[in-house]
Amino acid sequence: MDLPTLFSESGPLARAFDGYCKRQEQIEMAQAIQQAIREARTVVLEAGTGVGKTAAYLVPSLLEGGKVIVSTGTKALQDQLYYRDLPAVRDALAVPIKVALLKGRSNYLCWHHLDRANQDATLLSSRQEVRDLGIVNRFIHLTPTGDKAECTQVPEHATIWARVTSTRETCLGSDCKHHAECFVVKARREAQDADVVVVNHHLFFADLMLREEGVPELLPNAQTIVFDEAHQLPDTATLFFGQSVSTAQLLDLLRDTLATGQAQARDAANWNDVLAPLDRSTRDLRLCFGPQTQRMSQAQLGESHLLFPAVEEVRGALREVREVLDSAADRSPDLAQLHRRADELLQRLCAWGGPDNPAEPVLCWVDVGTHGVQLHRTPISVADVFRRQRLGLDADDHDDDETADHADALPDDPDHAAALEALFDKADDKLDDLDELGDLQALMAGSEAVEAAPPTSTERAAATVPRKAWVFTSATLAVRNDFHHFTEALGLEDAHCQAWSSPYDYPNQAMLYVPHGLPQPSDPGHTDAVVDAALPLIRANEGRAFLLCTSLRAVARATERLRQLLADAGDPYPVLQQGDAPRPTLLDDFRKAGNAVLVGSHSFWEGIDVKGDALTLVIIDKLPFAPPDDPVLAKRLELLQQQGGNPFMSHQVPQAIISLKQGAGRLIRSERDHGVLMICDTRLIDKPYGRRIWQSLPPMRRSRVQQEAVDFLLRLKDSAAAP
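Values in this document were obtained by computation on a predicted structure and should not be read as measured data.

Conventions and cut-offs
- Residues numbered from 1 in each chain as written.
- Predicted model: local features only at pLDDT ≥ 70, side-chain atom pairs only at ≥ 80, totals over all residues.
- Heavy atoms only, no water.
- 1 Å grid on protein atoms, 1.4 Å probe; cavity = no way out; pocket = protein on both sides within 12 Å on 5 of 7 lines; lining within 4 Å.
- Points joined across faces, edges and corners; volume = space filled by probe spheres on them.
- Helix = DSSP H or I, 4+ residues; strand = E, 2+ residues; numbered from the N terminus.
- Nonpolar A, V, L, I, M, F, W, Y, C, P; charged D, E, K, R; others polar.
- Axes fitted to C-alpha atoms, helices over the stretch in contact; angles between N-to-C directions.
- Parallel < 35°, antiparallel > 145°, perpendicular 65-115°, else oblique.
- Left-handed = near helix turned anticlockwise from the far one by under 90°.
- Contact = heavy atoms within 4.5 Å.
- Salt bridge = Lys/Arg side-chain N within 4 Å of Asp/Glu carboxyl O.
- Buried < 20%, exposed > 50% of the residue type's maximum accessible area, 1.4 Å probe, protein only.
- Core = buried A, V, L, I, M, F, W, Y, C linked by side-chain atoms within 4.5 Å.
- Pairing = 2+ DSSP bridges.
- Phe/Tyr/Trp six-rings, centres within 6.5 Å; stacked < 30°, edge-to-face > 60°.

**Student:** So what exactly am I meant to see when it comes to empty space enclosed by the protein here?
**Tutor:** In this approach a probe as big as a water molecule rolls over the atoms, and the regions it shows empty are the leftover space. For the coordinates displayed, the defined rule picks out two cavities of 30 Å³ or more. In this structure, the largest cavity encloses a volume near 220 Å³. Together, 22 residues line the largest cavity, and R105, C110, S166, C171 and C182 are the ones closest to its centre. Of all the elements, helix 9 (residues 183–193) adds the most residues to the lining of the largest cavity, at four residues. For the lining of the largest cavity, the class distribution of residues is eleven nonpolar, seven polar and four charged. What the second largest cavity holds in volume is close to 30 Å³.

Here's what the structure looks like:
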C-alpha cells in the first residue's frame with residue numbers, strides 16, 4: 001500500500017483516528033522522508049502547525065524497516081510519542097515492531113542510592129522527604145521499569161528523587177552489587193532489542209559526545225534517525241560539546257566525600273581537615289564578585305581579576321582531595337567512584353581558562369548566581385563536530401592537517417550534563433558503563449563490528465560513510481523558507497530542505513494585533529504598558545489568555561500589576577504565574593479555571609498544547625531577541641563581524657523569528673481554534689527588519705486598532721455561546 005493510500009480518507013490511519021483529515025502537505029512530507037530513508041540522505045523539513053508531522057515521519061520510518069531512533073525535545077514529548085502516537089500508528093499499519101523508551105540515568109530509581117537513603121535517615125531534610133521515601137520504597141517493588149515518572153504520588157520536582165537516583169558521577173557501574181537488577185541497564189538492553197527507540201535530545205547528544213571521545217556509545221544501530229522539535233538542537237549541542245564546573249558540584253563532592261569517608265574509611269584520613277581547604281576555597285569563588293548576578297567572558301574579567309587566583313586555590317585543594325581519595329579508593333566502590341568524580345572535576349577545572357584551538361574556538365566564561373558560580377568552556381560552533389558524527393568521519397577528517405592537535409581542544413570529560421544539572425533542571429546525564437552492551441560503534445554506522453586497524457581518512461570517507469537517513473523536523477526551522485540559519489549551525493550544508501505551510505485558515509481563524517502608543521521595549525515602564533494595553537482584550541475574552549514574557553523579571557512585574565488591576569476592578573479572572581507550581585500543574589489549573597490568565601516566560605513559549613476555547617488570546621511582550629549579556633552570543637556575533645557578515649540580520653533576527661514563531665504557535669492548535677495574537681513591540685512595525693519578522697508568521701489578518709481586536713474576541717465568544 002503506497003503512502004497516498006495509507007493517508008487517504010479510507011485508509012488505515014483514517015479508520016484508526018477519530019476526526020482524521022487527509023492533508024496533502026502530510027502526504028508530501030511522508031514521501032520526502034520515505035525517499036530520504038531509501039537513499040540514506042539528510043533532510044530538513046519544516047511542517048507548520050496542523051500538517052501532522054508526527055505521523056508523516058512515523059509512517060515511512062516504520063514501513064521502510066530497519067532500526068529507527070526518534071529524538072524529541074523534552075521528556076514529556078518522549079512520553080507522548082511512546083505511550084500514544086507510536087502505538088496508534090503501529091496498530092493502524094499492523095506492523096509487528098518492538099518499541100523502547102530510553103531516558104537519561106537520573107530518570108530511573110537506583111537500588112544502591114535507595115539503600116543508602118534508607119540506612120542513613122540523617123540525609124533526609126524534611127518530614128516530606130520521609131513520607132516520599134516510604135512511597136518510593138513501595139513503588140520500587142511494583143515497577144518493571146523503575147521510571148520515576150510512573151510514581152505519580154511523588155511530585156516530579158520532589159527533593160527525594162535526587163537521593164534515590166544516580167548520575168554518571170554517582171553511579172558505581174558494574175561494581176554495584178545491584179548491577180544485575182539495575183533499571184538503567186535493563187532499559188538499555190531493551191533499547192538494543194527494539195525496532196524503534198524513543199529518546200530525547202539531551203540523551204542523544206550525551207551519546208554523541210561519547211562517540212566523539214572514542215567511547216562505545218549507548219544508542220543502538222539505526223538506519224533512520226529522526227529529530228522532532230529539531231529547532232532546539234543547536235542549543236542542546238552547544239550544551240553537550242562544552243564543559244562546565246560549578247561551586248554546587250564541588251560542594252556536593254565535599255558532602256559526599258565526608259559522609260562516605262567517615263562511614264567507610266574513618267582511619268584513612270582526618271576527613272574534616274582534608275576537605276576544609278576545598279570547602280573554603282570553593283566558597284571564596286562567589287566572594288570574588290559583588291552581590292549582583294552576572295555573566296562575563298574571560299576577556300571581560302581582565303587579567304587581574306580576583307577569580308583567577310581563587311580558581312587556582314580550588315585546583316590545588318581539589319588535587320589534595322583527589323590524592324587522598326586515590327589512596328583510599330580500594331576500600332570500597334563508593335570511594336573509588338568519588339576518586340573518579342574528583343579527577344573529572346579537576347580536569348574540567350584545569351581546562352577552564354586554557355588555550356584555545358583556532359580550528360574550533362571555544363569561549364571560557366563565568367555565570368555568577370545569587371549563591372554560586374559556574375565556570376563554562378563553550379564551543380562557538382558545533383557544526384564541525386556534528387558533521388563528523390553524522391557523516392561517520394574521524395576528528396582529523398574534516399580538513400586534512402588543519403586539526404592535527406584537535407584532541408587537545410576536546411573536553412577531557414565526556415560527561416557535561418551533570419555539570420549543568422542545577423541550571424538545566426537535571427538534564428539527562430551523559431552515560432557510561434557501557435561494557436555490557438559491547439562495541440556499538442560499527443552498529444550505529446549500520447555495519448558489523450570488525451576487528452581491524454583503523455582506516456585512513458580517505459578510506460573511511462570513501463568506503464564507510466554510514467548508510468542511514470537523518471531527518472530534522474519542526475514547525476520552526478526556516479525564515480521565509482530560508483533554512484540557512486539552521487543548517488549552518490549544525491553543518492547540514494548537504495541536506496535537502498523543504499517547507500509546508502500550516503493548512504489552517506489563519507486569515508479567518510486569527511488576528512495579529514500590534515497596539516499603538518507603547519513605549520520602546522527598553523523603557524522601564526514597558527511591562528506596565530503591556531498589561532494596560534492588554535487589559536481590554538483580557539476582559540473582552542473573559543481571561544483565557546497567555547501572557548508570554550521574555551524575562552522572569554517581566555513575568556513578576558506583569559503578574560503583580562495584572563493582579564492589582566483586576567482586583568481593583570473586581571474582575572474574576574485568576575492570574576497564574578510561572579514558578580508558583582510545576583508547569584503541568586499550572587496548565588491543569590489554567591484549563592480547569594476556564595477564565596484564567598497565565599503569565600510565563602520561555603518554558604511556556606513551546607511544547608504547550610491548549611486546544612479549543614480554553615486559550616483564545618496570546619499576548620507577547622517583546623520580540624524574543626537573545627539577552628545582550630550572553631557571552632557566547634557576543635563571541636559568535638564578533639566572529640561573524642570579523643568575517644564581513646551582518647551579525648544582527650544573519651543571526652539575531654533569524655533566532656528571534658524562530659522563537660517568535662514558537663510563541664505564536666500556542667494560539668491556533670486545530671482547525672476549530674480561533675483567537676488574537678497580540679505582540680506588544682512596535683519594532684515589528686517601525687524597524688526595517690520588522691517586516692521580515694511578521695512575514696515569517698502565519699498569515700493572520702492584521703490590525704493596529706484595539707477595538708477591532710476586542711470585537712474579534714467578542715464575536716468568538718458569541719459564536720461559542722450560540723446553539
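Additional details are given in the paragraphs that follow.
**Student:** Mind showing me how you'd approach the packing of helix 12 (residues 247–264) against helix 16 (residues 333–351) here?
**Tutor:** Helix-helix packing is described using two parameters, namely the angle between the two axes and the distance between the axes. Closest axis-to-axis distance for the helix 12/helix 16 pair is 10 Å, and the angle between their directions is 155°. As summarised for this structure, helix 12 and helix 16 are arranged roughly antiparallel, according to the angle between their axes. Crossing handedness for the pair helix 12 and helix 16: left-handed. From helix 12, Q249, L250, D252, L253, D256, T257, T260, G261 and Q264 reach across to helix 16, where they touch D334, L335, L338, R341, A342, L345 and R348. A breakdown of the residues in the contact of helix 12 with helix 16 according to their chemical character gives six nonpolar, five polar and five charged.

**Student:** Got a minute to help me understand the pattern of salt bridges in this structure?
**Tutor:** Pairing between side chains of opposite charge can happen when the charged atoms of each approach one another. Across all of its chains, the model carries 35 salt bridges by this definition. For the salt bridge of D256 with R341, the shortest nitrogen-to-oxygen distance reads 2.8 Å. You can see D256 sitting in helix 12 and its partner R341 sitting in helix 16, a full 85 residues away along the chain. There is no split in this pair, since D256 and R341 are both buried.

**Student:** Looking at this structure, how should I read the nonpolar core?
**Tutor:** One recurring pattern in soluble globular proteins: nonpolar side chains tend to sit buried together. One finds W161, V164, F205, F227, F386 and F472 to be the most contacted residues of the largest nonpolar core, which totals 55 residues. Take this core: its biggest share by element is six residues, from helix 10 (residues 201–212). If we skip the residues at most four places from it in the chain, F472 touches T42, V43, V44, L45, F227, A230, L233, F386, L477, F486, L490 and L492.

**Student:** Help me understand the sheet that holds strand 11 (residues 496–500) in this model?
**Tutor:** Two strands in a sheet stick together by hydrogen bonds in their backbones, pointing the same way (parallel) or opposite ways (antiparallel). With respect to topology, seven strands assemble into an open sheet ordered 3-4-2-5-10-1-11, the strand pairing being parallel. Among the strands making up the open sheet, the edge pair consists of strand 3 (99–101) and strand 11. Recorded for the sheet is a direction-independent mean angle of 15° between the axes of neighbouring strands. Relative to strand 11, strand 1 (residues 42–47) is paired through five bridges, and the arrangement is parallel. From the neighbouring strand, A47 faces strand 11, where its bridge partner is W500. Its contacts with the sheet put helix 5 (residues 75–93) on strand 2 (68–72), strand 3 and strand 4 (196–200), and the angle it makes with strand 3 is roughly 170°.

**Student:** What exactly am I supposed to notice about the packing of aromatic side chains here?
**Tutor:** As enumerated under the stated definition, the model contains 18 aromatic pairs in all. Ring plane angle 85° and centroid distance 6.0 Å describe the contact between F625 and Y689, whose orientation is recorded as edge-to-face. Of this pair, F625 sits in the loop between strand 16 (617–620) and helix 25 (631–642) while Y689 sits in the loop between helix 27 (683–686) and helix 28 (690–695); the two residues are 64 residues apart in sequence, bridging distant segments of the chain. Among the aromatic residues, those joined into a cluster by ring pairs are F204, F205, F227, F241, F386, W470, F472 and F486.

Functional significance is not addressed by these values, which are geometric in nature.
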